[in-house]
Each structure stands twice: as structure tokens, then as C-alpha cells.
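For reference, the chains in residue letters:
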Amino acid sequence: MEVLRIWGRNLETKKEIRKRIVKLRKERDPYEWQCATRQITDLVISHPCFLEASDICIYADIKGEAGTRMIMQEAWKLGKHVWLPKVEDGEMEFYLTEGPDELVSGAYGIPEPSGNLVFKVPDALMIMPGVAFDLSGHRIGYGGGFYDRYLEKHVELTTMALAFEDQIFDTLPAEEHDICPMFIVTQKRIIETDDKKQRP
């Protein structure tokens, strides 16, 4: 598989990187996706941040993203509260979801929670998606800025991003307002980012 590397911030724009990663996701073999997702799941559900959290904010994967369904199932099995995002009026909120039957198809076919209990827990594990990440934790999302705005208001959350190895870059274009996840979990490793290292 193609190895993606960025040697200078001006070599590729965020838009170009998104295009390359989306192409890779479309071309990924389904069996490879399943195996890598299983490996990511195993690393997540054995991580102390997951085991110790009573509340998990998590996305429902679509279009070849690192899978989250098995993580949700394990969280429900352990009696954790699971919260999924929904965007309304341009802002993202997380809603309590007590099982897969409470997910409905929302905008652009993205699975959304059908409940109406809004997340207001003071401490939780946020498991977030992304298009690309670098070793310092810089993240390229989908361009809407929903997670950056949400996490700016919820700085107390522990943040963990999921990605396949080919979504990891040496360095990425970064902006001052970008919020880095504390951990990035791939099928091969757990990366502690600069954001995690700077926290007490």
C-alpha cells in the first residue's frame, strides 16, 4: 500500500490530503478493513482510559473509517453509557444511545442517535474520527470543524482518535485552533501525542 509522507507543510493542502485518504479508504480490501478494525478494537477496549471510563462519546463509522461498532458493543456489555453525535443547526451534540436499534440514518446517510438525552457529563472518553493525523497529534478532519468547536468547550474530556496506519503522517499542515487528540490508536500501535505529554 502507498506510504503517505509529508516533508513540508506546503507540499500538500488539507484538501489534497483528504482526497488521497478517501481514495485509499474506498480501495481498501474489506477483509483488510475487518482485520485492522479488530486490532484497533482490541487495543481500545484494553486501554485504561476505556476501562476506567463510565461514559464513552463515540462516532458511528461510515465509508471505510476505522470501525467502532465492536467498541460500542463492548461498552454496552460493560454497562457504560454510550453517547453518539448529531449535528443540528450547525453544531454537534452527543446523545445517549443504549443499543444499536437506537441509531437511525441521518444527514448524508450518517448513523445518528434517536434519543434526546444530551451529554453533560463532566468527564468521559471521547473517541473521535479523522481523515489524517501526524505523530504530534495534529488532525485533519472533514472540514466542518465540529470536533474542534466541541472540544474547545469540553476541555475536560480524554480524547482518543482511531485511524489506520496509512492515515498517519510524519507531519501535517496545522492551524492554531486545531485540537489534538491525546491518543491515536491504529491497528499496530497507540501513539501518545504532544497534547497528552503536555498534560499533568
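This is a predicted model, so every value here is computed, not measured. (Residues numbered from 1 in each chain as written. Predicted model: local features only at pLDDT ≥ 70, side-chain atom pairs only at ≥ 80, totals over all residues. Heavy atoms only, no water.)

1. Some points on the sheet that holds strand E3 (residues 91–96)
Part 1 of the reasoning: Read across the open sheet, the seven strands follow the order E3-E2-E1-E6-E9-E11-E12; overall the sheet is mixed. On the outer flanks of this sheet lie E3 and strand E12 (190–192), each paired with one strand and no other. Neighbouring strand axes in the sheet, compared pairwise and without regard to direction, differ in orientation by 25° on average.
Part 2 of the reasoning: Where strand E1 (residues 55–58) meets strand E2 (residues 81–88), three bridges bridge the pair, whose relative direction is parallel. In the sheet register, Asp55 faces E2, and the bridge partner there is His81. (Pairing = 2+ DSSP bridges. Helix = DSSP H or I, 4+ residues; strand = E, 2+ residues; numbered from the N terminus. Axes fitted to C-alpha atoms, helices over the stretch in contact; angles between N-to-C directions.)

2. Concerning the packing of aromatic side chains
Part 1 of the reasoning: Enumeration according to the criterion identifies three aromatic pairs in this entry.
Part 2 of the reasoning: Note on Trp83 and Phe119: the rings are 5.3 Å apart at their centroids and 75° apart in plane angle, and the pair reads as edge-to-face. Of this pair, Trp83 sits in strand E2 while Phe119 is found in the loop between strand E5 (111–113) and strand E6 (125–128), placing the two residues 36 residues apart along the sequence. Comparing Trp83 with Phe119 shows no difference in burial state: the two are buried. (Phe/Tyr/Trp six-rings, centres within 6.5 Å; stacked < 30°, edge-to-face > 60°. Buried < 20%, exposed > 50% of the residue type's maximum accessible area, 1.4 Å probe, protein only.)

3. Some remarks on the packing of helix H2 (residues 30–45) against helix H4 (residues 69–77)
Part 1 of the reasoning: Where H2 meets H4, the closest approach of the two axes is 9 Å, and the angle between their N-to-C directions is 35°. In this structure, H2 crosses over H4, and the sense of that crossing is right-handed. Of the residues in H4, those touching H2 at Thr37, Arg38, Thr41, Val44 and Ile45 are Met70, Ile71 and Glu74. (Left-handed = near helix turned anticlockwise from the far one by under 90°. Contact = heavy atoms within 4.5 Å.)

4. Thoughts on the pattern of salt bridges
Part 1 of the reasoning: Evaluation of the coordinates by the stated rule reveals eight salt bridges.
Part 2 of the reasoning: Residues Arg38 and Asp42 are paired through a salt bridge, measuring 2.8 Å at the closest nitrogen-oxygen approach. Here Asp42 and Arg38 lie together in helix H2, a separation of four residues that amounts to about one turn.
Part 3 of the reasoning: When its relative accessible area of 36% is taken as the criterion, Arg38 is described as partly exposed.
Part 4 of the reasoning: Looking at Asp42, the relative accessible area reads 37%, which means it is partly exposed. (Salt bridge = Lys/Arg side-chain N within 4 Å of Asp/Glu carboxyl O.)

5. Describing the side chain of Thr68
Part 1 of the reasoning: With respect to the element layout, Thr68 can be found in the loop between E1 and H4.
Part 2 of the reasoning: Only 2.7 Å separates the side chain of Thr68 from the backbone oxygen of Tyr59, close enough to count as a polar contact.
Part 3 of the reasoning: Here Thr68 is in contact with Ile58, Tyr59, Ala60, Asp61 and Leu162, once residues within four sequence places are set aside. (Polar contact = N/O pair within 3.5 Å; in protein donor to acceptor, adjacent residues only side chain to side chain.)

6. Quick notes on H2
Part 1 of the reasoning: Taking 1.5 Å of rise per residue, 16 residues should cover 22 Å, and H2 covers 22 Å from first to last C-alpha, within 8% of that figure.
Part 2 of the reasoning: Where H2 is concerned, the buried positions are Ala36, Thr37, Ile40, Thr41, Val44 and Ile45. Buried residues of H2, viewed axially, fall in a sector of 155°; they line one side.
Part 3 of the reasoning: Here the buried face of H2 lies against helix H3 (48–52), H4, E6, strand E9 (158–162) and strand E11 (183–185).
Part 4 of the reasoning: Two or three places before Tyr31, at the opening of H2, Asp29 has a side-chain oxygen 3.0 Å from that residue's backbone nitrogen. (Expected span 1.5 Å × (residues − 1). Arc of directions from axis to C-beta.)

7. Examining the nonpolar core
Part 1 of the reasoning: In this structure, Val44, Phe94, Met126, Ile127 and Leu162 are the most contacted members of the largest nonpolar core, which totals 45 residues.
Part 2 of the reasoning: When sequence neighbours within four positions are dropped, the list of residues in contact with Val44 reads Phe50, Ile71, Ile127, Met160, Leu162 and Val185.
Part 3 of the reasoning: Counting residues in each nonpolar core, the second largest holds eight residues, with Leu24, Val131, Phe169 and Leu172 among its members. (Core = buried A, V, L, I, M, F, W, Y, C linked by side-chain atoms within 4.5 Å.)

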